[in-house]
Amino acid sequence: MRMAVAGGTGWVGKLVVAEAEKAGHDVVVIARSRGVDLTTGAGLDEALRGADVVIDVSNIETVNGGVATRFFETVTRTLQDAGKRAGVKHHVLLSIIGVDRVEWGYYQAKLNQEKVALAGAVPATVLRAAQFHEFALQSLTRMGGPVAVVPKMLSQPVAAREVAAELVRLAEGEPRGQAPEIAGPEPLQMADLVRQVAKRHGPRKLVLGVPMPGRAGKAMATGGNLPAGPGIRGTQTFDDWLAELG
Ligand SMILES: NC(=O)c1ccc[n+]([C@@H]2O[C@H](COP(=O)([O-])OP(=O)(O)OC[C@H]3O[C@@H](n4cnc5c(N)ncnc54)[C@H](OP(=O)(O)O)[C@@H]3O)[C@@H](O)[C@H]2O)c1
């Protein structure tokens, strides 16, 4: 199949590209650094020519809910409209477990993105994933300085590689709306994970687990990001991932 990976240069995107190529698919990467802008649509018709399926793992790094909503809504509408023009048969979107339960601006933007994708002209599949093991490293390195402030959050983290493999597997199949959620093997406290990364891999920092304000903070701290029911479970533990990180 010809698979277009929107955000194929990002943390999970690179792994999606690798898994798709390993499975023998013909892959086209969509990113600004590859000459395609998903907010304006520049270069997109050309990139989607001959594509059977789009896997969207693009992202904007922001804590501003309005900025996130504008980005994800625009990107999804742009991809869906261009996908329809190009004859794409399936739109696969990566989302996050708990977007419907934790009223956090970025999550609300992802929930809205799911709705836009599922209502689009190209039939869609949405995969909600738990935080990646890599999220602990991202949380540690996102800001400079000697302190990392991490939301108090209970998560069941999963290897991004296993999420990437599941996205490719879903892309190979028929559109199915909401797919079963994917999480890792065990529920863990995010601040503990960030501390372990700081200790084992670095950079060394003081890691503070801070309760986020309001209903969203309470939901995050009490399991709003844990899988809601049975679904796909990755097998790589956080400890195994950390050992692999070196
Ligand atoms: N991190 C987690 O734990 C986690 C868990 C579950 C789900 N997710 C979801 O996974 C997705 C990917 O996250 P990530 O952390 O892997 O992303 P990331 O590393 O921030 O990568 C973002 C990708 O999007 C591309 N991009 C950004 N703006 C673009 C634009 N205007 N036009 C075209 N491409 C654009 C970037 O390439 P250029 O910069 O070259 O444009 C890059 O390839 C997100 O939707 C996120 O919500 C993340």
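Taking an unreviewed UniProt entry as the reference, the protein chain is identified by name as 3-beta hydroxysteroid dehydrogenase belonging to Actinoplanes awajinensis subsp. mycoplanecinus.

This part covers the site of the ligand. Near the ligand lie 28 residues; those nearest to it are Thr9, Arg32, Ser33, Tyr106 and Lys110. Here an oxygen atom of the ligand and a backbone polar atom of asparagine 59 are 3.3 Å apart. Here lysine 110 contributes a side-chain N or O atom positioned 2.6 Å from an oxygen atom of the ligand. Relative to its free-state accessible area of 920 Å², the ligand is covered by the protein chains to the extent of 90%.

Along the chain, leucine 127 turns up in strand 5 (residues 124–129). If we skip the residues at most four places from it in the chain, leucine 127 touches Leu93, Leu94, Ser95, Val163, Glu166, Leu167, Leu170, Ala179, Pro180 and Ile182.

Among the six residues that make up strand 5, six are buried, leaving the element largely enclosed by the rest of the structure. Residues Ala124, Val126 and Arg128 line one face of strand 5 and the alternating positions Thr125, Leu127 and Ala129 line the opposite face, and both faces are buried. Bridge analysis of strand 4 (residues 90–96) against strand 5 gives six bridges, and the strand direction is parallel. Along strand 5, the bridge assignment pairs isoleucine 96 with alanine 129. For the crossover that starts at strand 4, traverses helix 4 (residues 105–118) and ends in the parallel strand 5, the hand is right-handed. As paired elements, strand 5 and strand 8 (residues 177–178) share two bridges and run parallel to each other. Bridge pairing links valine 126 to glutamine 178 in strand 8.

What counts, and at which threshold
Residues numbered from 1 in each chain as written. Predicted model: local features only at pLDDT ≥ 70, side-chain atom pairs only at ≥ 80, totals over all residues. Heavy atoms only, no water. Near = heavy atom within 4 Å. Polar contact = N/O pair within 3.5 Å; in protein donor to acceptor, adjacent residues only side chain to side chain. Areas by Shrake-Rupley, 256 points an atom, 1.4 Å probe, with all protein chains shown as cover. Helix = DSSP H or I, 4+ residues; strand = E, 2+ residues; numbered from the N terminus. Contact = heavy atoms within 4.5 Å. Buried < 20%, exposed > 50% of the residue type's maximum accessible area, 1.4 Å probe, protein only. Pairing = 2+ DSSP bridges. Right-handed = clockwise from strand over helix to strand, strands pointing away.

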